[in-house]
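Breakdown of the fold
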Amino acid sequence: MAVPLFDTRTPLAPLRDELHAKCGEVLDAGRYILGPEVAAFEQELAGYVGTPHVVGVANGTDALVLTLRAMGVGPGDDVIVPSFTFYATAEAVALIGANPVFCDIDPRTFCVTPDTVRAALTTTTRAVVVVHLFGNVAPVAEIEELGVPVLEDAAQALGSRAADGRRAGALATAATFSFFPSKNLGAFGDGGAVATADEALAEAIAMLRFHGSRDKVSFELVGHNSRLDELQAALLRLELPHLDAWCDGRRAAAARYEEAGLGDLVELPEPIGDPAWHLYVIRHERADELAAALAAAGIGCKAYYRVPLHRQTAMRQWSDVELPGTDEAARTHLAIPMSPVLTFEQAAEVVAAARDADLG
Ligand SMILES: Cc1ncc(COP(=O)(O)O)c(C=O)c1O
């Protein structure tokens, strides 16, 4: 039995008719940019995350760029970011003329720690971007104690909770989300959002997403054109009430892997808080051989970040760092199938294929 790396179709199948009808409604309503659906989605997502303000933007990358700018980060500033993450996290920093200062992660959790962030602090550090990678929840409160503003890159972690029960995205000065179709809450195209408790910050981001204007005729800032569109917001509103059940499905999938004995064969990810695993990423010393064996057995798998960001060509001017935890995770990680609907049979199939690989 083949098992796909992720499955976005099955969870959405019961919503098919509703989603199609909503498309028709939005097309007929004739408001396509920053209309009532975006405003309602922003309120509903704020309620879900537990933050007073949410601002919808075009994608998760822009969400980072606009938020960093609104936080006052600019050319020449240092911003601490992990190197083991999707490229956009550091790209956003470089795009606004600031310097990504790469910090290490704990390879067991894939997240930054207070110690790895402390080791990267400089006299010109203006912010830290913590990434809740794969849905795991980085220790925001302890990192905030270092005294530098923290931005959560929660692109992969909508629905995860910290140990104290608060949601990822409600833990720091601000948080960014991506609604890329494969994410925990996926749009039918690009989409993103920023959540914050800071009203002034939310206002600044709302201005920046519309060319630096509040009223569309006077321009206070050099901004961006970065809006979540009405159609995506309308469809995301239909999905949002199902998100918690989908997240529980992701947690159940992780539990099924454990029950099927995966932990005897590979290193399982160490959860922090209560993650809604976006990707289920294991570690193995012979990860590429394992990947080849799984692929041969029809099991979807992928090494997302084999080359960490500090070793990417575009980041070469910031590459002079030693990050042993990052290098270890980069070398050994492998994402295996994860979705809200992964069955015990599918989990057992993945575990059997890993066992058959016989890699020790
Ligand atoms: C950790 C992380 N940050 C940022 C992004 C960027 O989001 P987007 O693709 O919506 O621009 C992504 C997703 O692709 C991501 O996984």
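Scroll up to find the structure this text is about.
A few points on the structure. All values derive from a computational prediction rather than experimental measurement. (Residues numbered from 1 in each chain as written. Predicted model: local features only at pLDDT ≥ 70, side-chain atom pairs only at ≥ 80, totals over all residues. Heavy atoms only, no water.)

Here's the deal with the overall build of the protein chain
- Helices and strands together make up the secondary structure of the protein chain, namely 13 helices and 9 strands.
- Compactness check: the protein chain gives a C-alpha radius of gyration of 20 Å against a globular reference of 21 Å for 360 residues, within 12% of the reference.
- For the C-alpha atoms alone, the extent of the protein chain along its principal axes is close to 65 × 55 × 35 Å.
- Intrachain contacts of the protein chain at a sequence separation of at least 6 include 68% that bridge at least 24 residues.
- In the structure as shown, the protein chain presents an accessible area of about 14700 Å², 51% of it carried by carbon and sulfur atoms.
- Both charge centroids of the protein chain, one from 28 positive and one from 49 negative side chains, sit 3 Å from each other. (Helix = DSSP H or I, 4+ residues; strand = E, 2+ residues; numbered from the N terminus. Rg over C-alpha atoms; globule rule 2.2 N^0.38 Å. Contact = heavy atoms within 4.5 Å. Areas by Shrake-Rupley, 256 points an atom, 1.4 Å probe, with all protein chains shown as cover. Lys, Arg positive; Asp, Glu negative; His and termini not counted. Charge placed at Lys NZ, Arg CZ, Asp CG, Glu CD.)

Regarding the pattern of salt bridges
- What the rule picks out here adds up to 19 salt bridges.
- Residues Asp164 and Arg166 are paired through a salt bridge, measuring 3.0 Å at the closest nitrogen-oxygen approach.
- Because the salt bridges share partners, they merge into one network encompassing Lys22, Glu25, Glu37, Glu44 and Arg237. (Salt bridge = Lys/Arg side-chain N within 4 Å of Asp/Glu carboxyl O.)

Description of the site of the ligand
- Every one of the 13 residues lining the ligand counts as a neighbour, but Gly60, Thr61, Asp153, Gln156 and Ser178 are closest to it.
- In the environment of the ligand, an oxygen atom lies 2.7 Å from a nitrogen or oxygen atom belonging to the side chain of Ser178.
- At 3.1 Å, a side-chain N or O of Lys183 approaches an oxygen atom of the ligand.
- Considering the ligand on its own, with 380 Å² of exposed area, one finds that the protein chains cover 92% of that surface. (Near = heavy atom within 4 Å. Polar contact = N/O pair within 3.5 Å; in protein donor to acceptor, adjacent residues only side chain to side chain.)

Looking at the pairing of strand S8 (residues 280–283)
- The alternating pattern of S8 places Tyr280 and Ile282 and Val281 and Arg283 on opposite faces, both of which are buried.
- With 4 bridges connecting them, S8 and strand S9 (residues 333–336) associate as antiparallel partners. Residue pairing in the sheet places Arg283 in a bridge with His333 of S9. (Buried < 20%, exposed > 50% of the residue type's maximum accessible area, 1.4 Å probe, protein only. Pairing = 2+ DSSP bridges.)

Topic: the packing of aromatic side chains
- All chains considered together, the criterion is met by 9 aromatic pairs.
- Aromatic pair Phe41 and Phe179: ring centres 5.5 Å apart, planes at 75°, arrangement edge-to-face. Taken together, the positions of Phe41 in helix H3 (residues 36–49) and Phe179 in the loop between strand S6 (174–178) and strand S7 (192–196) put the pair 138 residues apart, joining distant regions of the chain.
- Aromatic pair Phe110 and Phe134: ring centres 5.0 Å apart, planes at 80°, arrangement edge-to-face. Of the two residues, Phe110 sits in the loop between strand S3 (99–103) and helix H6 (114–120) while Phe134 sits in the loop between strand S4 (125–131) and helix H7 (140–144), which places them 24 residues apart along the sequence. In this structure, Phe110 and Phe134 share a single accessibility class: buried.
- Chaining the aromatic ring pairs together yields one cluster made of Phe84, Phe110, Phe134, Tyr304 and Tyr305. (Phe/Tyr/Trp six-rings, centres within 6.5 Å; stacked < 30°, edge-to-face > 60°.)

A few points about the pairing of strand S5 (residues 150–153)
- Burial along S5 is two-sided: the residues Val150 and Glu152 and Leu151 and Asp153 are all buried.
- In terms of strand pairing, S4 meets S5 through 4 bridges, oriented parallel. Residue Val130 lies in a different strand from S5, and its bridge partner there is Glu152.
- Sheet topology note: the S5/S6 ladder contains 3 bridges and is parallel. Residue pairing in the sheet places Glu152 in a bridge with Ala175 of S6.

Brief notes about helix H12 (residues 324–332)
- Taken together, the buried positions of H12 are Gly325, Thr326, Ala329, Ala330 and Thr332.
- Where H12 is buried, its residues contact S3, S8, helix H11 (287–296) and S9.

Description of the nonpolar core
- Ranked by internal contacts, the top residues of the largest apolar core, which has 56 residues, are Phe84, Phe134, Tyr257, Tyr280 and Leu290.
- Counting residues per element, this core draws most heavily on helix H13 (residues 344–357), which supplies 6 residues.
- Beyond its immediate sequence surroundings of up to four residues, Leu290 is in contact with Val266, Ile282, His284, Leu334, Ala354, Ala357 and Leu359.
- One finds Val54, Phe179, Ala193 and Ala276 within the second-largest nonpolar core, a separate group that totals 33 residues. (Core = buried A, V, L, I, M, F, W, Y, C linked by side-chain atoms within 4.5 Å.)

Describing the packing of helix H4 (residues 60–70) against helix H5 (residues 88–95)
- The N-to-C vectors of H4 and H5 enclose an angle of 40°; their axes lie 9 Å apart at closest approach. Here H4 is positioned oblique relative to H5, judged by the angle of their axes. The handedness of the crossing between H4 and H5 is right-handed. Facing Thr61, Leu64, Val65 and Leu68 of H4, the residues of H5 in contact are Ala88, Thr89, Glu91, Ala92, Val93 and Leu95.
- The residue makeup of the contact of H4 with H5, split by class, is 7 nonpolar, 2 polar and 1 charged. (Axes fitted to C-alpha atoms, helices over the stretch in contact; angles between N-to-C directions. Parallel < 35°, antiparallel > 145°, perpendicular 65-115°, else oblique. Left-handed = near helix turned anticlockwise from the far one by under 90°. Nonpolar A, V, L, I, M, F, W, Y, C, P; charged D, E, K, R; others polar.)

Interpretation in functional terms is not warranted from these geometric data alone.
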